[in-house]
Each structure stands twice: as structure tokens, then as C-alpha cells.
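This is what each chain is made of:
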Amino acid sequence: MKEIHLKLQGKIKRLTNKTFKFDERVGDGWFSAVYFLKTKEIAEKYKSDNIVTMQFFQKKQAVLCGTDEVIALLETFAVNPDELEVHSLEDGDKVEPFETVLTIRGPYQNYGFLEGVIDGIFARRTSVATNVYEVVKAAKSSGNEKPVIFMGDRDDHFMMQAGDGYAAYIGGSKAQATHAMNEWWGKRGIGTMPHALIQLFEGDVVEATKAYKETYPDDDLLALVDYNNDVITDSLKVARAFGDNLEGVRVDTSNHLIDKYFTRHPEVLGTFDPRGVNPQLLFALREALDEEGFTHVKIVASGGFDAKRIERYERIGAPVDMYGVGSSLLKVNIGFTGDNVKLNGNHEAKAGRKLRENPRLQKITFGQ
């Protein structure tokens, strides 16, 4: 059983290194900035009895993620972690600019070398969780909650997928493209057909969809329909071929292309950008499907979507039933700072910084 399920059942309070599987070299300082390692040595030599309080914060409205990972990191690699006093918020907490999300109190040399690693964990996990949260919120802004598929596998190094998938889960996306994205929290990735499958059938969308249906008969049938840059024609072909068995069609037109529908109907041009998956194309697709009685066929839109674009599509009532979103969700745009703010119980910090008490912080007991 995954640890996330034990946590949801109240059997454990935090995820541990059984989930995160840290690189053992973290403890050797391999991933720490060299100046932290040098400071660790100096502290051990000259100031080993000093007790330092460090706090972490960021500067935006955000959905916090990475707390369990950071706590597991401290438990695994800090020197004598049970002697540290740690307080933290929870993954999924909404946080304000400059709100303290974590404090650590103890001998600097026991944990200070992990400062940059902690900042990096918080920055990436919180950025992804917040990006996903904003997209999910936009996708239900019309009053109807629409699923968002997390499709970030091609937009970053594959080793990032497990952590990004967990952060996306914290942000609100339960549908993800790879098994690795589900590793920390879920079971299996989801997906139907890429353009490569249609290419194998020489651009014949119906034959490619037929092969998919015969190979995966229990899957919801979702046809990709932009391969020939003729979304409406190919959508109607698969709808006619599969009828009630067709769950939906996915439109993924490149933002550099104009669908053939507009070359057939130049009279509608002139007041909007006709490239890519634009609302006018989606309205025309919905109308064409409905006219032939395929009102049950859902429309999935993907390709270059972010929260702002989805919010605009929802505001004008674009007929989208599900969004596929990738690269915009992986932008790291929230940076964290770790500051030493108290020394032996007294205020001691660089100018402009001080301990900011946060009553929401929870005291952490390692091993629970």
C-alpha cells in the first residue's frame, strides 16, 4: 500500500523516504552549495554550541507543496534529527506572501547544509501545485467542473515525473499521463492515442481508432482528430464509424497551423486568430457533431493551454469537456528563501529579516 493511502487513513502523519527514495549523496553534501558545506565545517570548529533558528517563506499567493518531502529529508540526512525542533505547514495549504511555512531550530552544522536543497524542493513542488491549482480553478470557472489531464512528460527531464505528479495531485489533477507521475500517490497513468499511432495507419484515423478499440476494448474510446489538420471531417468519420462507442475526440492542432475548416469557410475569418485549437473551431466542431446526432461525443482540447487561456475559453462558453495541459504547469515561478533569524534564542538576522511567527505551523515529531 502506498504511504499516501496510509496518510489519508490517518495511520501516518507524513510521507517518508519510503516514498521519496532520496539519493544517498544528499547526506554527503553533493547537492548542497559549497559555501554551505564550508560554513558547516566552520560552525563545527568554532560555534558548535550555537543554536540557530531558520525559517522558510516565499512571496506569492500559493498552494504549498513539499513539506512532507522536506521533513523526510531532514529526518534522513540531518545530523541527530531528533534533537532538532521543526514546525511546518501541510502540503496543500494555501499560503500568503512572506508567510512562514517551516522553521528549524538546532545546531547549524546539523542541518544548515540542507538549506538550498530545501529551497529547491519547496520551489518546484509549490510552483507545480500552484500552477495546477490555477488551471483546475479556471477549468471550473463556468460553473461546470471539467477534468484536467496533466501531460507534462515531454516538457522536462523524466526523473522529475514522480515529484511533479505528486505536486499536480496536491494542486488538484487526478488524471496524469505516465505511470511515474502517479508513483507517489496513485496507481496508473492514463492516455489513448498519440499522432504516432495514426501515422502507422497512413493517416487513416478510423483504422487507427479501430485498432485501438480492438486492442483496448475496455478503455473509453477517445480519438485524436487533428493529424490531417481537418478536425471536423475526421471527427465525423470516427463518430459515424463508432457511434455510441465513441467517448470523445481530442483536438491538438499546432498553434502554427490553420485547420482546413477555415479554408473551406473563409467567410468566418477576419476577426480572430484562426491558428491552433481556437474557440471558433471548437464551436464549429460541436455544431457538426450535434447536427448528426453525436451529442454524446465529448471534446478534449490540448496544446498550449494555461490557466489564463482556459479561463477565457470558459468565459465565452467554448464547448470543451476536458483540457490537456503540459508545459505551462511545470514553470518554476515561486522561489523560496531560508533565513537564519535567531541565534541562541535572540534575534540575529540580516537586515530586513526577522522571525515571523505563524500559529498555523505544526510541531513535527519524526517517525510519525
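Above this note sits the structure.
The paragraphs below set out a description of the structure included in this document.

A word on the overall build of the chain. Each helix and strand in the chain was counted, giving 13 helices and 14 strands. Each principal axis of the C-alpha distribution contributes one length, and for the chain these read about 80 × 45 × 35 Å. Looking at the chain residue by residue over its 368 residues, the buried ones come to 51%. A fraction of 71% describes how many contacts in the chain between residues 6 or more apart in sequence connect residues 24 or more apart. In the form shown here, the chain has an accessible surface area of approximately 18100 Å², with 50% of it arising from carbon and sulfur atoms. For the chain, the distance from the average position of its 47 positive side-chain charges to the average position of its 54 negative side-chain charges is 5 Å.

Bringing the sheet that holds strand β6 (residues 148-150) into the picture now. Across the sheet, which stays open at both edges, the 6 strands sit in the order β7-β6-β11-β10-β9-β8 with parallel pairing between neighbours. Of all the strands in the sheet, just β7 (175-176) and β8 (221-224) have a single pairing partner and so form its edges. When β6 meets β7, the two strands line up parallel, connected through 2 bridges. In the sheet register, Phe150 faces β7, and the bridge partner there is Gln176. Helix α10 (residues 231-242) rests against β8 and β9 (246-251) of the sheet, and its axis sits at about 165 degrees to β9.

A grouping of Glu202, Asp204, Glu207 and Glu214 is seen on the molecular surface, where their side chains present a negatively charged patch. Secondary-structure assignment places Glu214 in helix α9 (residues 205-215). Taking relative accessible area as the criterion, Glu214 reaches 57% and is therefore assigned exposed.

All right, on to the nonpolar core then. Residues Leu74 and Ile118 are the most contacted members of the largest nonpolar core, which totals 103 residues. Considering every element that reaches this core, the biggest residue donor is helix α6 (residues 115-139), with 12 residues. Setting aside residues no more than four positions away along its own chain, Leu74 makes contact with Pro81, Val86, Ile104, Tyr111, Leu114, Ile118 and Phe366.

So, on to the pairing of β9. In the case of a regular strand, side chains alternate between the two sheet surfaces. By the criterion of burial, β9 is predominantly enclosed, with 5 of the 6 residues buried. Sheet topology note: the β8/β9 ladder contains 4 bridges and is parallel. Residue pairing in the sheet places Leu221 in a bridge with Leu246 of β9. You can see the chain leave β8, run along α10 and come back into β9, and the turn it takes is right-handed.

Three or more residues of helix α13 (residues 307-315) are buried, namely Ala307, Arg309, Ile310, Tyr313 and Glu314. Buried residues along α13 cover an arc of 165 degrees about the axis, so they all sit on one side. α13 presents Lys308 and Arg315 as exposed residues on the side facing more than 90 degrees away from its buried surface. For α13, the secondary structure elements touched by its buried residues are α6, α12 (279-291) and β11 (322-325). Gly317 lies just past α13 and shows a positive phi near 75 degrees.

Strands in a sheet are paired, the pairing made by backbone hydrogen bonds, and the direction either parallel or antiparallel. Pairing within the open sheet is antiparallel, and its 6 strands lie in the order β13-β12-β1-β5-β3-β14. Every other strand in the sheet has two partners, leaving β13 (346-347) and β14 (362-363) as the edge strands with one partner each. The strands touched by α6 are β1 (51-57), β5 (102-107) and β12 (337-343); relative to β1, the strand with the most contacts, the crossing angle is about 20 degrees.

Relative to β11, β6 runs parallel, the two sharing 3 bridges. Across the sheet, residue Val148 finds its bridge partner in β11, namely Tyr323. Taken together, the 3 bridges between strand β10 (residues 298-302) and β11 define a ladder with parallel strand orientation. What sits directly across from Val300, in β11, is Met322. One crossover worth recording links β10 to the parallel β11 by way of α13, and it is right-handed.

Our next topic: the packing of α6 against helix α7 (residues 161-171). Relative orientation of the contacting elements α6 and α7 amounts to 45 degrees, with a least axis distance of 7 Å. Comparing their axes, α7 and α6 come out oblique. Between α6 and α7 lies a crossing of right-handed hand. Residue-level inspection shows Arg124, Arg125, Val128, Ala129, Val132, Tyr133 and Val136 of α6 in contact with α7, the latter providing Gly163, Asp164, Ala167, Ala168, Ile170 and Gly171. Residue composition of the contact of α6 with α7, grouped by class: 8 nonpolar, 2 polar and 3 charged.

You can see Thr53 is positioned in strand β1. Residue classification places Thr53 among the buried residues on the basis of a relative accessible area of 10%. Setting aside anything within four residues of it in sequence, one finds Thr53 in contact with Ile104, Arg105, Tyr111, Asp339, Asn340, Val341, Lys342 and Leu355.

Moving on to the pattern of salt bridges. Tallied over the full model, the rule gives 22 salt bridges. In this structure, Glu99 and Arg360 form a salt bridge, with 2.8 Å as the shortest nitrogen-oxygen distance. On the criterion of sequence distance, the pair formed by Glu99 in the loop between β4 (94-95) and β5 and Arg360 in the loop between β13 and β14 is long-range, its members being 261 residues apart. With relative accessibility at 38%, the residue Arg360 sits in the partly exposed group. Asp156 is paired through a salt bridge with Arg124; the nearest N and O atoms lie 2.2 Å apart. Here Asp156, found in the loop between β6 and α7, pairs with Arg124, found in helix α6; they are 32 residues apart in sequence, far enough to count as distant. Owing to a relative accessible area of 15%, Arg124 belongs among the buried residues under this scheme. In the salt-bridge network here, residues are joined through shared partners; they are Glu69, Arg124, Arg125, Asp156 and Asp164.

Basis of the calculations
Along each chain, residue indices are assigned from 1 in the same order as the chain's sequence is written. Residues qualify for local features only when their pLDDT is at least 70, as the model is predicted, and side-chain atom pairs are given and counted only at 80 or more; totals for whole chains, interfaces and linings, by contrast, use all residues. Calculated side-chain values reflect all of the structure's heavy atoms, with hydrogen atoms and water omitted. Elements are defined by DSSP. Helices are runs of H or I of four residues or more, strands are runs of E of two residues or more, and each kind is numbered from the N terminus. Remark: exposure states derive from per-residue accessible area (1.4 Å probe, protein chains only) relative to the maximum for the residue type, with buried under 20%, exposed over 50%, and partly exposed in between. Any two residues having at least one pair of non-hydrogen atoms within 4.5 Å are treated as being in contact. Computed with the Shrake-Rupley method and a 1.4 Å probe, the accessible areas treat only the protein chains shown as cover for residues. Counted as positive: Lys and Arg. Counted as negative: Asp and Glu. His and the chain ends are not counted at all. To locate a charge, take NZ of a lysine, CZ of an arginine, CG of an aspartate or CD of a glutamate. What makes two strands pair is DSSP finding at least two bridges between them. Here the axes come from fitting lines to C-alpha atoms, over the contacting stretch only for helices, and the angles between their N-to-C directions go from 0 to 180 degrees. A patch is a set of surface residues, each over 30% in relative accessible area and not in a salt bridge, joined within 9 Å for like charges and within 5 Å for the nonpolar side chains Val, Leu, Ile, Met, Phe, Trp and Tyr. We define a salt bridge as a side-chain nitrogen of Lys or Arg found within 4 Å of a carboxyl oxygen belonging to Asp or Glu. We call a set of buried residues a nonpolar core when its members are Ala, Val, Leu, Ile, Met, Phe, Trp, Tyr or Cys and they connect through side-chain atoms within 4.5 Å of each other. If you view a crossover with the strands going away from you and the path from the first strand over the helix to the second runs clockwise, you call it right-handed. It is the directions from the helix axis to the C-beta atoms that the arc portrays. By the definition adopted for this analysis, an angle is roughly parallel if under 35 degrees, roughly antiparallel if over 145, roughly perpendicular if from 65 to 115, and oblique otherwise. Crossings are classed by handedness, with left-handed meaning an anticlockwise turn of the near helix from the far one by less than a right angle and right-handed meaning a clockwise turn. When residues are grouped by polarity, Ala, Val, Leu, Ile, Met, Phe, Trp, Tyr, Cys and Pro land in nonpolar, Asp, Glu, Lys and Arg in charged, and all others, Gly among them, in polar.

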